[in-house]
Amino acid sequence: MSLYSRIIGTGGFLPESVLTNRDIEDIIDTSDEWIRGRTGIRKRHVVRDGESCSELAEFASRRALEAAGLEPAEIDLIVVATTTPDQIFPSTACLLQRRLDIRGCCAFDVQAVCAGFVYALGVADQFIRAGSARRALVVGAETMSRLLDWQDRATAVLFGDGAGAVVLEADRNPGIISSHLHADGSYVDLLQVPGGIGGDRNEDHYLEMKGNEVFKMSVTTLCRIVDETLKANGMQKSDIDWLVPHQANIRIIRATARKLDLPMDRVVVTVDEHANTSAASIPLAFDVAVRDGRIRRGETVLMEGFGAGFTWGSVLLEY
Ligand code: COA
C-alpha cells in the first residue's frame, strides 16, 4: 500500500514589530493608497536587531510541534525553506535543529525564494513516500526586510518577515496527493539579489526587481500550474475546496482564484496583514486558516507559489 505524508500540525510566528503603510510614508515617497491599490498590503511585520531567521523558525516550529502533539526528538527530517539564512553556513535547518535540541536527523535548507515552501514540502513528501523519514518538520522562514533597499519604493513596500511550519507524518491515507515543481533560470535578471560571496559586492546585497514583468509572468505561470495539477490528478476545478497561494500581491491571487472559478471566500488571504514573506507566506496563511477553523480535515487544498529564478510549483493535498 502507498505511503502518504499527512499534515498533523501547523504553526506560525511573526515578529512583534509592525510597519504600516503610513509608517513607510515617513521613509519614502509612497502612499497607503498606492500600496493598498496595487498590492493589497496594509502592513508587515519586521525583525528588530538581534532577531534572526532561525529564531522565527524555532517559534513557528514549536507551535507546529505542539499542535501535532509531538516532542522535537520525534522528528526525523528537517527541511527549511529560506532565502535569508542567518549565516552562509551552517544551514538554517541545522541552526534550527540545535535550537530544538534534535540530534542526528537529516536537516537541510531549500533555496527557491518565494516558491521555497512548496519546494520544501514536495521534497519532504518524497522522503516520506520513500520510507526514508516518518515525521518531518517543514518550515518556511524569512527576514526579507534585511534584503531591502529602504530607499527603493518599488520594492521596499512589498515584503515582510515571519515563519510558518508544518509537521508531516507518514500515513496510509492522503495526505499530500501530488507536488509539481519547476524552475527556469533564464529569468534571473527580473528578480534577484545580485551580491554573493564572489568578491566585494556588498553594495549589491539588495533585492532588485522588474515588477511589471514579474507580475505578468507570475499570473500566467500560476494559471498554468493550476491546469497541470488538476490534469495530473484527473480532477476538476470544483474538486478544490481551498486555495492557499503565495502571498505576493492580491491582484495575482485574484487572477489565480478566477482561473479556478473559486470565490474569494475559498482563498486564504494574508497579504494584507503580512505582505510578501517569501517562503514563509504559504505556511503562515495555511496556519491562520487551520487555526481559525476555515480549513477542515478532509478538505482539498491547493498551495501554489512563484518566485525568483524563476521557480514555481504547487502542492495538492487532502488536509
Ligand atoms: N509608491 C508610489 N508609487 C510607486 C511606488 C510606490 N511604492 N512604486 C512604484 N511607483 C510608481 C512608479 O514610479 C510608476 O510611476 P510612473 O508611472 O510615474 O513612472 C508607477 O508607480 C507604476 O509603476 P509600475 O512599476 O509600473 O507599477 P505596477 O502597476 O507594475 O505595480 C508592483 C508595481 C510592484 C506592485 C507590481 O508590478 C507587482 O506586484 N509585481 C509583482 C511583484 C511580486 O509579486 N514580486 C514577488 C514575486 S514572488
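Once a new chain begins, its residue numbering starts again from 1 and follows that chain's sequence as written. Reporting in this predicted model follows two pLDDT cut-offs: at least 70 for local features of residues, and 80 or more for side-chain atom pairs to be given and counted; totals over whole chains, interfaces and linings ignore these cut-offs and use all residues. Hydrogens and waters are ignored; side-chain quantities use all the structure's heavy atoms.

(A) Up close: the domain arrangement of the chain. Domain parsing of the chain yields domain 1 (4-173) and domain 2 (177-318). Domain boundaries shown here were taken from an automatic or database domain assignment. The C-alpha-based centres of domain 1 and domain 2 are spaced at 14 Å. Domain 1 puts 53 residues into the contact, and the matching count from domain 2 is 47 residues. Taken together, both faces of the contact between domain 1 and domain 2 bury some 3,700 Å²; the carbon and sulfur share is 62%. By definition, the buried area sums, over both parts, the 1.4 Å-probe accessible area that each loses when the two are put together. Ranking the residues of domain 1 by area buried against domain 2 places Cys 114, Val 118 and Tyr 119 at the top, with a combined share of 17%. The term salt bridge refers to a side-chain nitrogen of Lys or Arg lying within 4 Å of a carboxyl oxygen of Asp or Glu. There are two salt bridges connecting domain 1 and domain 2. With its nearest N and O atoms 3.3 Å apart, the salt bridge here joins Lys 43 to Glu 273. Each residue belonging to the side of domain 1 that touches domain 2 can be placed in one class, and the counts come to 26 nonpolar, 16 polar and eleven charged. Contact between two residues is taken to exist if any of their heavy atoms lie within 4.5 Å; hydrogens are not considered. Amino acids are sorted into nonpolar (Ala, Val, Leu, Ile, Met, Phe, Trp, Tyr, Cys and Pro), charged (Asp, Glu, Lys and Arg) and polar (every other residue, Gly among them).

(B) Examining the packing of aromatic side chains more closely. Stacked, tilted and edge-to-face are the three classes assigned to paired rings of Phe, Tyr and Trp, where Trp is represented by its six-membered ring and a pair needs centres within 6.5 Å; plane angles under 30 degrees give stacked, over 60 edge-to-face, the rest tilted. Under the criterion given, the structure shown has five aromatic pairs. When the ring of Phe 108 is compared with that of Phe 127, the centres are 6.0 Å apart and the planes differ by 35 degrees; the resulting orientation is tilted. Of the two residues, Phe 108 is situated in strand 5 (residues 106-110) and Phe 127 in helix 5 (residues 116-129); the sequence distance between them amounts to 19 residues. Measuring from centroid to centroid gives 5.6 Å for Phe 286 and Tyr 319, while their planes differ by 85 degrees, and the two rings are edge-to-face. In this pair, Phe 286 is assigned in helix 10 (residues 281-291) and Tyr 319 in the segment after strand 13 (311-318), connecting sequence segments 33 residues apart. Take Phe 286 and Tyr 319: they sit in the same class, and that class is buried. Its end group placed over the ring of Trp 242, Arg 266 keeps NZ or CZ at 4.3 Å from the ring centre. One Lys or Arg, Arg 297, reaches over the ring of Tyr 319 and ends 3.8 Å from the middle of that ring. Segments assigned H or I by DSSP are reported as helices when at least four residues long, segments assigned E as strands when at least two residues long, and all are numbered from the N terminus. Exposure categories follow from relative accessible area, calculated using a 1.4 Å probe and restricted to protein chains: below 20% of the type maximum is buried, above 50% is exposed, and the middle band is partly exposed. Placement of a positive charge over a ring is assigned whenever Lys NZ or Arg CZ falls within 6 Å of the ring centre and within 35 degrees of the normal to the ring plane.

(C) Just helix 10, in detail. Most of helix 10 is tucked away: nine of the eleven residues are buried. Buried within helix 10 are the following residues: Ser 281, Ile 282, Pro 283, Leu 284, Ala 285, Phe 286, Asp 287, Ala 289 and Val 290. Immediately beyond the C-terminal end of helix 10, within one or two residues, lies Gly 293, with a positive phi of roughly 90 degrees.

(D) Representation of the nonpolar core in the model. Core analysis: the biggest nonpolar cluster contains 43 residues, and Ile 240, Leu 243, Leu 260, Leu 302 and Phe 310 have the highest contact counts within it. Counting only elements with at least two residues in this core, the list comes to helix 7 (211-232), helix 8 (250-259), strand 12 (300-307) and strand 13. With six residues, helix 7 is the single largest residue contributor to this core. The residue makeup of this core includes at least three contributed by each of domain 1 (4-173) and domain 2 (177-318). When near neighbours in sequence (up to four residues on either side) are disregarded, Ile 240 contacts Leu 230, Leu 260, Leu 262, Thr 300, Leu 302 and Leu 316. In terms of nonpolar packing, the next biggest core, distinct from the first, is built from 36 residues, Val 79, Ala 112, Ala 170 and Met 303 among them. The term nonpolar core refers to a set of buried residues drawn from Ala, Val, Leu, Ile, Met, Phe, Trp, Tyr and Cys, joined through side-chain atoms within 4.5 Å.

(E) Focus on the sheet that holds strand 13. By this definition, two strands are paired if DSSP reports at least two bridges between them. The mixed open sheet is built from four strands, whose spatial order is 8-13-12-11. Both edges of this open sheet fall to strand 8 (176-183) and strand 11 (242-245), since each of them pairs with a single strand only. Across the sheet, the mean angle separating the axes of adjacent strands is 10 degrees when strand polarity is ignored. Pairing between strand 11 and strand 12: four bridges, direction parallel. Bridge pairing links Leu 243 to Leu 302 in strand 12. Along the sheet face, helix 5 touches strand 8, strand 12 and strand 13 and points at about 130 degrees away from the line of strand 8. Lines fitted to C-alpha atoms define the axes, with helix axes restricted to the stretch in contact, and inter-axis angles between N-to-C directions lie between 0 and 180 degrees.

(F) Representation of the pattern of salt bridges in the model. Across all of its chains, the model carries 18 salt bridges by this definition. The shortest N-O distance in the salt bridge between Arg 6 and Asp 171 comes to 3.8 Å. Placement of Arg 6 in strand 1 (residues 4-13) and of Asp 171 in strand 7 (residues 161-171) is noted, with a sequence separation of 165 residues between them. When the shortest N-O distance is used, the salt bridge between Asp 32 and Arg 36 registers 2.9 Å.

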